[in-house]
Amino acid sequence: MIAALVQKDVKLFFRNQFFALITAMGLVFYLLIYFLLPADVEETLPFAVFVEDMPADVALAEVPLGDGLAVSTFDSEESLIQALQNGDYMAGLVLSAETMAAIGQGEAATLNVYYAPGTPSEMRGAVDSMLGSALNAHMLPPDAAAAGIDRVTEVVGLNVDGPLSMRDRILPTLVLMILAIEVMGLATLIVEEIEHGTAQALLITPLGTGQFFASKAVMGMGLAFVQVFLIMLLSGGLLVAPLLVTLALLLGCLLITGFSFIIAAIARDMMSVIAWGMMGLIILVLPSLAIVFPTMGSGWMDYIPSHYLIDTLHRAINAGATLGDVTANLLTLLVIGAGTLVLGSMVLRRRFA
Amino acid sequence: MNLGRIGTLFMKEIRQGATNFFFIYALIMPVVLSLIVALVFGDLFSETPRLGVYDAGESEVVASLLAEDHIQTTVYASESALRDAVERGVVMVGLVLAPDFDAAIRGDAQRQLTVIYWAESLAKDIAIINSTVDQLVMQAVEVEAPVTINSTQLGDGVEISWTERLLPVIVLMTLMLGGIMVPAASLVDEKQKRTLSALTITPATLLEVYSAKALVGVVLSTIMGLIVLILNNAFGGQPALLLTVLGLSAVSASIFGVLLGSLVKDINVLLAVIKSGALILMAPALIRMVPDLPQWIAQVFPTYYVLNPVLEVSQNNTGLDGIAVDLVVLVAIIGALVLALVLLFERQQKQLALMS
């Protein structure tokens, strides 16, 4: 009986070819966003250098310009300035023979640094600081000032090799966006059944409310799962940790199905579903912003249920987490998902009664 | 067409709008977005490296760090709070300054500095933060720097801040929300509740109903467009021209909204269309956000001619001559939309007459 109901809902969904097409197009758009985002991170600043009368026996690597700069050399000052004006580089340094000689002999020197049009003042300050610091440290005696400070370093955070690209960061967010929008879809499906009276009509038949809810849960979870599974498969995220990602996606679908039930229980009509759904969407998406824009991260976001899904996916895809690393997250998702599903079913049952 | 009836229908739309989700959304969302951009997003997209400091003593270096504009420094009350912030990536580098740090850098104590790095930090950000700390330490101990920098900014030195880059998105979203969503959702709602056919049994014609709904969209998006420009300090110096341009942009959006509402059967389909079409509608604003992209691409999208004249007048103080071509294209778009609506309108009037 549950299978028949799910079949009916799926048929209803796909009978509207336009709606089905738009759902498919939505998936394509999400994938498009993913593949349009940069796959690499620019770890260093492209930096142009022209050294006047560079002695043949001096390699540029011997001129200490700082670790954060990716140095390219130019044949003339004019070509360097042209490259800056074309926007190929943000900053460039012209080292005259006198400056090179002064630096070599440890004497005071002034460096001429050019900046491309539109370079923010903060970036100019940053490059000035990097160059000044690197060359001063090179020229000052080892025990002078900052050069002599013993830095005790420690690296914290996820077990990653280096900075993650925006593409890697956004993938869990795209999954969450699809799931959050699906909350509205499933809630709408239930509210429509109540509005049109078909739910009450169905319940007059031998069908029990439990079976009715089970069919809606299967339909909602199935529809959401197919979409997020495809996104993960086509983006390659699934290949990194197939079992763990699939398990997390299933539990994520359970969670959003529970939320859909609660929204359907409190919403009176379609507009009400959208209003509550939008509020839910904003709250559910918040933890993912802390991954895309880490500066927004805050401890209170850990209390939003979707954090456990997004954190699991992020760790599994981007930091090579194992099942043991994210067991607590998955258990929390299971408990909250099942809890919201039961709570939503209870409130909906009272509404039917 | 009776103007009195359009006025009555317009007032009905405004009264009902007070309880309509899309109407409220169109009123609140632009203001909220403007505030978010002003308060958060400028900072969020900033490429300035972020440093966290826990100062167990009272180091003078901390005040110097806070004064630097090329790094963003946050002072934490405890080492654990700093460590948590670095672990989350809220700051890229954390410095733990011992109580005797200033004495240490002057050579009076053990010269040690604990530095916590976020695993995902960029090399350039770490280099900027470390070099800034080194420079400030040198200043604090009054060591004379042998190297000085002479900076030259090429070109006119115009910087495009993220707030400026995001303004087109907010302006276009405001025009689209008020101009497209409100009339379209109202029309779809009337269809679903079957009040549209009921209305046309009265002396009011379908054209008057559509006109009233379009008028609501025009008024709402023009007013909200003005509010958003004022909130973002982008009102410019030509109020009459700006109002005209905003009005024309709002007219095009509203006619498109009515056209969409008349074609779409229910709210689900409308939302699906908006969801899938949003990228196309917003494309000119998104392209403008990335100055490195060839900007001519934006001109392919019709909404470019809705957005560009508004931004040219409000941000660049361009006169009528400078936006004449855009306005001609915009008027042509409005003409095409009206033509499409007239063709559709005749068919729908017949259908409604049959239903009645």
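Before reading further, recall that the structure is shown in the block above.
Counting of residues starts from 1 at the beginning of each chain's written sequence and follows it residue by residue. Following the order in which they are written, the chains are lettered starting with A and the ligands numbered starting with 1. Where totals are concerned, whole chains, interfaces and linings use all residues; where local detail is concerned, this predicted model gives features only for residues with pLDDT of at least 70, and gives and counts side-chain atom pairs only at 80 or more. Working from all heavy atoms in the structure, the side-chain values ignore hydrogens and water.

Engineer: Just to check I follow, could you spell out helix 4 (residues 79-88) of chain B for this structure?
Structural biologist: Given 3.6 residues per turn, any residue in an α-helix points the same way as the ones three and four places further on. Remark: exposure states derive from per-residue accessible area (1.4 Å probe, protein chains only) relative to the maximum for the residue type, with buried under 20%, exposed over 50%, and partly exposed in between. For helices the rule is a DSSP run of H or I covering at least 4 residues; for strands it is a run of E covering at least 2, with both sets numbered from the N terminus onward. What helix 4 of chain B keeps buried is the set B:Leu82, B:Ala85 and B:Val86. One side of helix 4 of chain B carries all its buried residues, which in axial view fall inside an arc of 100°. We call two residues in contact when some of their heavy atoms are within 4.5 Å. Packed against the buried residues of helix 4 of chain B are strand 5 (150-156) of chain A together with strand 1 (50-55), strand 2 (72-76), strand 3 (93-97) and strand 4 (112-118) of chain B. B:Gly89 occupies a position one or two residues after helix 4 of chain B and carries a positive phi of about 85°. The arc in question is the one traced by the directions running from the helix axis out to the C-beta atoms.

Engineer: Honestly, the packing of helix 10 (residues 242-266) of chain A against helix 13 (residues 323-352) of chain A in this entry has me stumped. Any pointers?
Structural biologist: All names here are of chain A. Note on definitions: angles span 0 to 180 degrees between N-to-C directions of axes, and those axes are lines fitted to C-alpha atoms, for helices only across the stretch in contact. Relative to each other, helix 10 and helix 13 sit at 25°, their axes nearing to 7 Å. Compared by their axis directions, helix 10 and helix 13 come out roughly parallel. For the pair helix 10 and helix 13, the sense of crossing is left-handed. Polar here means any residue other than Ala, Val, Leu, Ile, Met, Phe, Trp, Tyr, Cys and Pro, which are nonpolar, and Asp, Glu, Lys and Arg, which are charged; Gly is therefore polar. Along the lines of polarity and charge, the residues of the contact of helix 10 with helix 13 split into 22 nonpolar, six polar and one charged. Oblique is the label for any angle not under 35 degrees, not over 145, and not in the 65 to 115 range, which are roughly parallel, roughly antiparallel and roughly perpendicular in turn. Definitions for this section: a left-handed crossing has its near helix turned counterclockwise from the far helix by less than a right angle. A right-handed crossing has that turn clockwise.

Engineer: Hey, could you run me through the environment of A:Ala224 in this one?
Structural biologist: All names here are of chain A. Topologically, Ala224 is positioned in helix 8 (residues 209-235). Taking the C-alpha atoms as reference points, Ala224 and Leu186, 38 residues apart in sequence, are found 9.3 Å from one another. If we skip the residues at most four places from it in the chain, Ala224 touches Leu179, Glu182, Cys253 and Ile256.

Engineer: Hey, could you run me through the interface of chain B and chain A in this one?
Structural biologist: How big an interface is tends to be stated in terms of accessible area lost as the parts join. On the chain A side, the residues contacting the 67 residues of chain B number 81 residues. Buried surface at the junction of chain B and chain A, summed over both partners, amounts to about 6,700 Å²; 62% is from carbon and sulfur atoms. Considering only the surface of chain B that becomes buried against chain A, B:Arg111, B:Glu120 and B:Leu154 emerge as the three largest contributors, covering 11% of it. Salt bridges are defined by distance alone: a side-chain nitrogen of Lys or Arg within 4 Å of a carboxyl oxygen of Asp or Glu. Counting across the chain B and chain A interface gives four salt bridges. Where B:Arg83 meets A:Glu154, a salt bridge forms, and the shortest distance between an N and an O atom there is 2.5 Å. By the criterion applied in these results, polar contacts are pairs of N or O atoms within 3.5 Å in which, for protein atoms, one can donate a hydrogen and the other can accept it, and in which residues neighboring in sequence qualify only through two side-chain atoms. The tally of links between chain B and chain A comes to 23 residue pairs in polar contact (both at pLDDT 80 or more). Accessible area that two parts lose when put together, with a 1.4 Å probe and added across both, is what the buried area reports.

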